[in-house]
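# Coordinate analysis (summary)
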Amino acid sequence: MKSTSLPLALGVLFALGMGAAGAATLDDVKGKGFVQCGSNTSLPGFASPDNAGEWTGFDVDYCRAVAAAIFGDPTKVKFTPLSAKERFTALQSGEVDVLIRNTTWTMSRDTSLGLKFAGVNYYDGQGFMVRKDLGVSSALELSGASICVQTGTTTELNLADYFRANKMDYNPVVFEKIEETNSAYDSGRCDSLTTDASGLYSTRLTMKTPDDHIVLPEIISKEPLGPVVRQGDDQWFNVVKWTHYALLNAEELGITQANVEEMKNSDNPEIKRLLGVDGTFGEAVGLPNDWVVAIVKAVGNYGELFERNVGEGSPLNIERGLNAQWTDGGLQYGMPVR
């Protein structure tokens with residue numbers, strides 16, 4: 001999912017000023033005893049609280065993985081639900097330590113907001129959802145349709161580009177909050193709803209009659225989603241980045257939540273380095289050397305995390321696709337621990 005673009009001037013000021021302010025985040029996190037994670041307000045499968053206030057989802061597990069890496073305890077994390085409009089300001093100001101909230105990596109966000117993306121944990125793309133009774137099977141049949149879209153987002157910009165490029169007309173029905181956007185579509189105020197495809201599969205589950213809706217096949221944009229930190233603190237950036245790579249490497253090497261203790265006895269040098277049996281790779285970024293053991297015990301490897309929350313073993317039933325390991329034809333590729 002995308003975000004509101006802040007004015008360039010404000011972004012430049014933050015970029016100049018946040019280097020010093022953002023330094024030593026890991027020390028601050030250790031001092032207060034938890035990671036403050038910026039999260040979605042409610043996107044089932046990715047981040048949503050249950051009736052007891054317990055957060056679950058793909059992005060939530062990434063936050064818990066960072067906490068496990070630091071403290072050996074995935075519960076040492078607190079969640080701040082943030083709208084698209086609020087999220088970057090909350091990270092820039094230090095209200096949250098890391099933003100793990102289905103946020104698209106773009107050039108402007110990477111260069112003008114004083115922020116830094118720590119990797120791509122989900123390769124996505126923008127799509128369209130419609131009611132089956134609308135009688136369309138392609139986004140190219142939506143000329144003249146009313147489209148519900150969240151304003152101030154790259155979703156809105158991509159929508160305009162797509163219809164302009166295909167010489168089609170449409171009527172945008174815009175809302176500030178994603179909950180309002182989804183509700184308007186469900187109540188029949190628009191013919192179609194557009195956002196990231198992952199968000200469409202999630203939102204479909206919340207419709208009054210989910211089976212009445214389909215996601216059209218077209219993907220109209222590149223939406224690489226991933227964790228975001230402030231610029232100017234390389235140590236914290238490395239902690240978040242290598243937590244992502246640890247999840248990927250664990251899956252590639254066959255290390256699971258069930259066998260991680262057993263795998264510490266492996267003769268494979270890659271496994272020994274990853275699990276802290278050989279070397280001091282954890283210490284190099286201010287973490288215990290068994291930090292990956294703690295991560296996998298807490299949330300499993302990337303594949304387990306994906307399947308449990310959004311994959312074919314979940315209500316969303318999303319195929320791995322581009323998010324498969326590079327060895328299986330996907331784009332996910334963990335950098336080597338060496």
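Notes on the structure follow. (Residues numbered from 1 in each chain as written. Predicted model: local features only at pLDDT ≥ 70, side-chain atom pairs only at ≥ 80, totals over all residues. Heavy atoms only, no water.)

Turning our attention to the state of the cysteines. With the rule as written, the count across this model stands at two disulfides. Between the sulfur atoms of Cys-37 and its disulfide mate Cys-63 the distance is 1.9 Å. One end of the pair, Cys-37, is in strand β1 (residues 35-39); the other, Cys-63, is in helix α3 (residues 58-71), with 26 residues separating them in the sequence. For Cys-37, a relative accessible area of 0% gives the class buried. What pairs with Cys-148 in a disulfide is Cys-190, and their sulfur atoms sit 1.6 Å apart. Remark: Cys-190 occurs in the loop between α7 (178-186) and β11 (192-196) and Cys-148 occurs in strand β9 (residues 145-150); sequence separation between them is 42 residues. Under the relative-accessibility criterion, Cys-148 is labelled buried at 0%. The class of Cys-190 is buried, set by a relative accessible area of 2%. For the protein chain, the bonded cysteines connect in the pattern 1-2, 3-4 when numbered consecutively along the sequence. (Disulfide = S-S within 2.5 Å. Helix = DSSP H or I, 4+ residues; strand = E, 2+ residues; numbered from the N terminus. Buried < 20%, exposed > 50% of the residue type's maximum accessible area, 1.4 Å probe, protein only.)

This part takes up helix α12 (residues 291-299). Counted residue by residue, α12 has seven buried out of nine residues, so it is predominantly covered. Buried positions along α12 lie against α3, α9 (234-252), α10 (260-263), α11 (269-274) and α13 (302-309). Phi for Gly-300, located one or two positions after α12, is positive at around 85 degrees. (Contact = heavy atoms within 4.5 Å.)

Negative charge collects at one region of the surface, where Glu-86, Glu-95, Glu-176, Glu-179 and Glu-180 lie side by side. When you line up the elements, Glu-176 lands in the loop between β10 (170-175) and α7. Looking at Glu-176, the relative accessible area reads 42%, which means it is partly exposed. (Patch = residues over 30% accessible without salt bridge, like charges linked within 9 Å, V, L, I, M, F, W, Y side chains within 5 Å. Areas by Shrake-Rupley, 256 points an atom, 1.4 Å probe, with all protein chains shown as cover. Salt bridge = Lys/Arg side-chain N within 4 Å of Asp/Glu carboxyl O. Lys, Arg positive; Asp, Glu negative; His and termini not counted. Charge placed at Lys NZ, Arg CZ, Asp CG, Glu CD.)

So, about the environment of Ala-294. Mapping Ala-294 onto the fold places it in helix α12. As a C-alpha pair, Ala-294 and Trp-242 span 52 residues in sequence and 13 Å in three-dimensional space. Setting aside anything within four residues of it in sequence, one finds Ala-294 in contact with Ala-68 and Gly-72.

Time to look at the environment of Asn-40. For Asn-40, the position within the fold is in the loop between β1 and β2 (48-49). Assessed through its relative accessible area of 1%, Asn-40 is described here as buried. Sequence separation between Asn-40 and Ala-84 is 44 residues; the distance between their C-alpha atoms is 8.3 Å. Reaching out from Asn-40, the side chain makes a polar contact with the backbone nitrogen of Ser-42 at a distance of 3.5 Å. A polar contact of 2.8 Å, which involves the side chain of Asn-40, links it to the side chain of Asn-102. (Polar contact = N/O pair within 3.5 Å; in protein donor to acceptor, adjacent residues only side chain to side chain.)

Now for the side chain of Asn-158. As for its position among the elements, Asn-158 is in helix α6 (residues 154-165). By relative accessible area, which is 17% here, Asn-158 ends up buried. Polar side-chain contacts of Asn-158 include one of 2.9 Å to the side chain of Glu-223.

Geometry only, nothing functional implied.
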